[in-house]
Amino acid sequence: MHPDHPLHTIRAAIAAATPPGAPPVRLLAVSKTQRADAVRALATLGQRAFGENYVQEGVAKIRTLADLALEWHLIGPLQSNKCREVAEHFDWIESLDRAKLIEPLARFRPPHRPPLAVLVQVKIDDEPTKAGVAPDAAAELCRLVAAQPRLALRGLMAIPAPHPDPALRRGAFARLRGLYERLRAAFPQMDTLSMGMSDDYALAIAEGATEVRIGTALFGPRTAR
Ligand SMILES: *Cc1c(COP(=O)(O)O)cnc(C)c1O
């Protein structure tokens with residue numbers, strides 16, 4: 001890998017931000033609006049996990065790149081009429097935010113594939129428009145996911161409000177970490193706390209992220225969709 005490639009720089013920054021003794025942090029390359037060629041180029045450099053926001057666009061790339069052994073995460077909002085496509089094509093859904101989606105995702109998960117990995121998306125700031133379940137409702141959603149053999153509860157995801165003040169962002173990451181630790185006492189199978197993006201991933205790792213979702217810092221600016 002060319003030492004100046006952003007993938008190299010970001011991996012080094014992730015390693016530097018990871019506290020000593022903590023498990024390695026997963027880098028999820030957010031490839032929404034990026035061409036399949038750009039994903040292939042990154043895969044050639046060793047990147048394996050990719051995140052997509054839109055089901056249709058994601059499934060098209062999954063099909064185009066089926067010759068590569070990649071791991072695909074849905075990180076955008078999910079409508080119930082898309083559950084089948086998600087269960088059939090993706091490896092993870094990180095944006096589960098309501099009970100209604102659970103049964104169809106489980107029912108449509110093909111028997112020959114491992115259980116679909118699930119993160120419950122939590123609304124960690126009080127923003128009326130943001131997706132995610134309220135923190136005090138997360139435990140119930142986790143319980144419903146954990147009851148489904150065709151789903152694997154793996155943890156939590158959140159997109160904190162883009163506070164210009166890093167201290168406020170750090171506070172949101174810390175609150176999410178606290179919720180994650182409390183839920184993990186009840187659901188020890190949880191191993192993933194997905195928080196932090198291009199602008200704040202080092203801060204998120206310092207607060208306990210086990211996965212960061214990075215788009216623009218890796219691929220450059222997104223093209224309009
Ligand atoms: C687009 C997106 C990202 C990546 O954002 P960047 O700022 O480009 O790193 C991460 N998570 C979610 C849910 C996104 O929609």
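Quick notes on the rules
- Residues numbered from 1 in each chain as written.
- Predicted model: local features only at pLDDT ≥ 70, side-chain atom pairs only at ≥ 80, totals over all residues.
- Heavy atoms only, no water.
- Helix = DSSP H or I, 4+ residues; strand = E, 2+ residues; numbered from the N terminus.
- Expected span 1.5 Å × (residues − 1).
- Polar contact = N/O pair within 3.5 Å; in protein donor to acceptor, adjacent residues only side chain to side chain.
- Near = heavy atom within 4 Å.
- Nonpolar A, V, L, I, M, F, W, Y, C, P; charged D, E, K, R; others polar.
- Salt bridge = Lys/Arg side-chain N within 4 Å of Asp/Glu carboxyl O.
- Buried < 20%, exposed > 50% of the residue type's maximum accessible area, 1.4 Å probe, protein only.
- Phe/Tyr/Trp six-rings, centres within 6.5 Å; stacked < 30°, edge-to-face > 60°.
- Core = buried A, V, L, I, M, F, W, Y, C linked by side-chain atoms within 4.5 Å.
- Contact = heavy atoms within 4.5 Å.

*Asks:* How should helix 7 (residues 166-186) be read in this particular structure?
*Replies:* For an α-helix, the turn length of 3.6 residues means that residues three or four places apart are oriented alike. Here helix 7 is 21 residues long and its end C-alpha atoms lie 31 Å apart, about the 30 Å a rise of 1.5 Å per residue gives. A distance of 2.9 Å separates the backbone nitrogen of alanine 167 from a side-chain oxygen at the start of helix 7, and that oxygen is part of aspartate 165.

*Asks:* What exactly am I supposed to notice about the site of the ligand here?
*Replies:* Around the ligand, the neighbouring residues are Val30, Lys32, Asn53, Ile75, Ile159, Met197, Ser198, Arg213, Ile214, Gly215, Thr216 and Arg222. Threonine 216 has a polar backbone atom sitting 2.8 Å from an oxygen atom of the ligand. Within the side chain of arginine 222, one N or O atom sits 2.8 Å away from an oxygen atom of the ligand. A breakdown of the residues in the shell around the ligand according to their chemical character gives five nonpolar, four polar and three charged.

*Asks:* Honestly, the pattern of salt bridges in this entry has me stumped. Any pointers?
*Replies:* It is possible for side chains of opposite charge to pair when their charged atoms get near one another. For the coordinates displayed, the defined rule picks out 18 salt bridges. As a salt-bridge pair, lysine 61 and glutamate 52 come within 2.8 Å of each other at their nearest N and O atoms. Here lysine 61 and glutamate 52 have matching classes, each one buried. Taking the shortest distance from any N to any O, the salt bridge between aspartate 97 and arginine 98 comes out at 3.0 Å. Accessibility expressed as a relative area gives 31% for arginine 98, which makes it partly exposed. Taken together, the salt bridges that share partners define one network made up of Arg26, Arg48, Glu71 and Glu211.

*Asks:* Sorry if this is basic, but what is going on with unusual backbone geometry here?
*Replies:* With the exception of glycine, the majority of residues adopt a negative phi angle, and the majority of peptide bonds are in the trans configuration. Its identity is not glycine, yet threonine 33 carries a phi of approximately 65°, on the positive side. Along the chain, threonine 33 turns up in the loop between strand 1 (26-30) and helix 2 (36-44).

*Asks:* Is there a simple way to think about the packing of aromatic side chains in this case?
*Replies:* Any pair of aromatic rings gets described here by the distance separating the centres and the angle formed by the planes. By the definition in use, this model includes one aromatic pair. Relative to tryptophan 72, the ring of phenylalanine 50 has its centre 5.7 Å away and its plane inclined at 35°; by these criteria the two rings are tilted. Of this pair, phenylalanine 50 sits in strand 2 (residues 49-52) while tryptophan 72 sits in strand 3 (residues 71-74), and the two are 22 residues apart along the sequence. Among the residues examined, phenylalanine 50 registers a relative accessible area of 0% and is labelled buried.

*Asks:* Sorry if this is basic, but what is going on with the nonpolar core here?
*Replies:* Most often, soluble globular proteins have nonpolar side chains that are buried together. Counting residues in hydrophobic clusters, the biggest one holds 61 residues, and the most contacted among them are Leu105 and Leu156. No other element matches the six residues that helix 7 contributes to this core. For leucine 156, the residues in contact, after removing those within four places along its chain, are Leu119, Val120, Val122, Cys142, Leu176, Leu179, Tyr180, Leu183, Thr192, Leu193 and Ser194.

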